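Summary of structural features
Spelled out from the first residue to the last, the chains are:
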Amino acid sequence: MSRRATSREQVPRLLSLVPYLQRRPGARVADVAAEFGITPAQLRKDLGVLYMCGLPGLLPGDLIEIDMEAVDGDGVIFLTNAEFLARPLRLTPAEVLPLILGLRTLREVAGSDALASIDSALAKLTAVAGDSADLADRIRIGVRAADEPVREAISTALGAGVRLRLTYDSPSRGRTTTRLVDPDSLRMRDGYAYLEAWSDPVDEGSAGGWRSFRLDRIAEAEVTTEPAIERPGAPDPPEGWLDRLSTAAEVELELAPPATWVAEYYPVAERTPQPGGGLRVRLRVADPAWFRGLLLRLGGDATVVAPAGAGESAALEAVAAEAQYAALFGTSS
């Protein structure tokens with residue numbers, strides 16, 4: 001088992017172990033290990049980690065106390081000075097806001113069976129969020145996903161572990177293909193929702209293997225009765241430009257005179273006049289889908305100066321639209 005997998009299992013076990021031992025002073029190592037389904041040796045390692053945990057400050061009175069001599073000598077466990085774990089956790093505004101925005105984003109792609117749970121969680125977070133809830137209301141979340149029947153089919157297939165038959169539009173290639181896929185996961189990237197899946201080609205000329213299917217390009221999704229096959233080697237999702245920024249996304253645009261209204265309509269961090277009446281501006285972007293729509297609206301009157309790649313999705317969207325126009329009307333726009 002990898003170290004990463006062990007850490008994922010160990011953290012929730014440690015959080016459960018502390019209250020368990022608080023209620024059972026002098027519990028035997030063998031009994032506790034059996035209760036948690038681990039070996040005594042692993043329990044000893046867990047206790048060694050807990051022995052170094054506690055409140056900030058790392059002074060003797062801040063750390064959890066464990067009588068390690070009793071553990072090693074008599075095989076019993078006495079744990080004290082961990083009462084702070086019984087205090088209810090309080091989320092800070094900085095913690096609440098991402099949760100609210102994340103749930104709203106999830107709601108854009110979730111099936112109907114999950115909506116009640118998402119709405120319930122949103123209501124509870126909003127009730128305790130204070131000013132963060134008002135801030136969240138001023139941020140628009142836009143995800144290009146799929147129609148409800150497609151989302152329902154994908155949610156059903158992922159939950160039941162069965163294959164999907166997709167009818168997929170590829171505007172850049174000007175054709176529609178049919179694919180039989182083993183669905184793996186849903187991901188959001190730069191304002192689009194994607195289904196990560198292993199694809200078996202059904203139409204001649206379509207390739208198989210791991211593929212990312214943009215949900216808004218899935219015309220139909222049919223749930224089959226065939227069990228999905230667990231495929232090895234799922235690729236890591238490529239990062240969007242927004243993911244590569246360590247702080248809130250800030251972009252720099254060069255605006256031609258017809259587009260300088262952007263600096264009046266949206267809050268900008270800085271504006272620099274350019275020769276000929278244009279502007280160079282810096283603005284923060286919370287939603288890549290909004291930014292892509294702005295660039296498409298501005299067309300050639302806006303140039304992305306930084307960061308590199310921030311305008312790529314808008315350019316690809318324009319190319320796809322032009323290809324679709326040509327496929328429908330036999331000429332480019």
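Another point: the overall build of the chain. For the chain, the count of helices and strands is eleven helices and 13 strands. Within the chain, the fraction of its 333 residues that count as buried is 36%. Residue pairs in contact within the chain that sit at least 24 positions apart in sequence constitute 58% of those at least 6 positions apart. Total accessible area computed for the chain in this model is approximately 19300 Å², and 54% of it derives from carbon and sulfur atoms.

As a further point, take the sheet that holds strand β13 (residues 302-306). The strand order across the open sheet built from four strands is β11-β12-β10-β13, with neighbouring strands paired in antiparallel fashion. The strands lining the two open edges of the sheet, one partner per strand, are β11 (270-273) and β13. Going across the sheet, the axis of each strand differs from the next one's by a mean of 25 degrees, ignoring polarity. As paired strands, β11 and strand β12 (residues 279-284) are joined by four bridges and run antiparallel to one another. Of the residues in β12, the one forming a bridge with E270 is R282.

Attention now moves to the pairing of β12. The side-chain alternation of β12 yields one buried face, formed by L279, V281 and L283, and one unburied face, formed by R280, R282 and R284. Turn length for the β11-β12 hairpin, with the two strands adjacent in sequence and antiparallel, is five residues, and the turn residue G276 shows positive phi of about 90 degrees.

Counting 20 residues, the largest nonpolar core has L21, L43, L47 and L50 as the members making the most contacts within it. The set of elements that each furnish at least two residues to this core consists of α1 (3-22), α2 (29-36), α3 (40-50) and α4 (68-73). The dominant element in this core, judged by the number of residues it contributes, is α1, at five residues. Look past the residues within four positions of L43 in its chain and what remains in contact with it is L17, V29, V32, A33, I38 and I77. Among the nonpolar cores identified, the runner-up in size contains 16 residues, and V162, L195, L215 and A221 belong to it.

Turning our attention to helix α8 (residues 148-160). Look at α8: 18 Å from first C-alpha to last across 13 residues, which is about the 18 Å you get at 1.5 Å a residue. Listed in full, the buried residues belonging to α8 are V150, R151, A153, I154 and A157. Buried residues of α8, seen end-on, are gathered within an arc of 160 degrees and therefore sit on one face of the element. Seen from the buried face of α8, the exposed residues on the opposite side, beyond 90 degrees, are P149, G159 and A160. Just downstream of α8 lies G161, where phi reads positive at about 70 degrees.

Evaluated as defined, the whole model comprises eight salt bridges. The partner of D216 in a salt bridge is R214, with the nearest N and O atoms 2.8 Å apart. For the salt bridge of E252 with R280, the shortest nitrogen-to-oxygen distance reads 3.5 Å. Note that E252 is positioned in strand β10 (residues 250-255) and R280 in strand β12, a separation of 28 residues in sequence. Several salt bridges converge on common partners, so that one network encompasses R163, D182, E226 and R231.

On to the side chain of S199. Position of S199 relative to the elements: it lies in strand β7 (residues 192-201). Judged by its relative accessible area of 0%, S199 is buried. One polar contact links S199 to R179, side chain to side chain, over a distance of 3.1 Å.

Our next topic: the confidence of the model for the chain. For the chain, per-residue confidence averages 75 on the pLDDT scale, and residues scoring 70 or more make up 67% of the total. Across residues 1-5, confidence stays below pLDDT 50; counting only partners more than four residues off in sequence or on other chains, it has two contacts. Predicted confidence is poor over residues 241-248, with pLDDT under 50, and the contacts of this stretch with residues over four places away or in other chains come to 17 contacts.

Let us look at α2. Restricting attention to buried positions, one finds in α2 the residues V29, V32 and A33. Angular distribution of buried residues about the axis of α2 spans 100 degrees; they occupy a single face of the element. In this structure, α2 carries A34 and E35 as exposed residues pointing more than 90 degrees from its buried face. At the C-terminal side of α2, G37 shows a positive phi close to 70 degrees.

Let us now look at the environment of A306. Along the chain, the position of A306 falls in strand β13. With a relative accessible area of 28%, A306 lands in the partly exposed category. On a C-alpha basis, the gap between A306 and V251 in space is 5.7 Å, while along the polypeptide they are 55 residues apart.

This part is about the environment of L14. Tracing the chain through its elements places L14 in helix α1. A relative accessible area of 10% places L14 in the buried class. Note: C-alpha distance between L14 and L47 (33 residues apart in sequence) is 8.4 Å.

The rules behind these values
Residues numbered from 1 in each chain as written. Predicted model: local features only at pLDDT ≥ 70, side-chain atom pairs only at ≥ 80, totals over all residues. Heavy atoms only, no water. Helix = DSSP H or I, 4+ residues; strand = E, 2+ residues; numbered from the N terminus. Buried < 20%, exposed > 50% of the residue type's maximum accessible area, 1.4 Å probe, protein only. Contact = heavy atoms within 4.5 Å. Areas by Shrake-Rupley, 256 points an atom, 1.4 Å probe, with all protein chains shown as cover. Pairing = 2+ DSSP bridges. Axes fitted to C-alpha atoms, helices over the stretch in contact; angles between N-to-C directions. Core = buried A, V, L, I, M, F, W, Y, C linked by side-chain atoms within 4.5 Å. Expected span 1.5 Å × (residues − 1). Arc of directions from axis to C-beta. Salt bridge = Lys/Arg side-chain N within 4 Å of Asp/Glu carboxyl O. Polar contact = N/O pair within 3.5 Å; in protein donor to acceptor, adjacent residues only side chain to side chain. pLDDT = per-residue confidence, 0-100.

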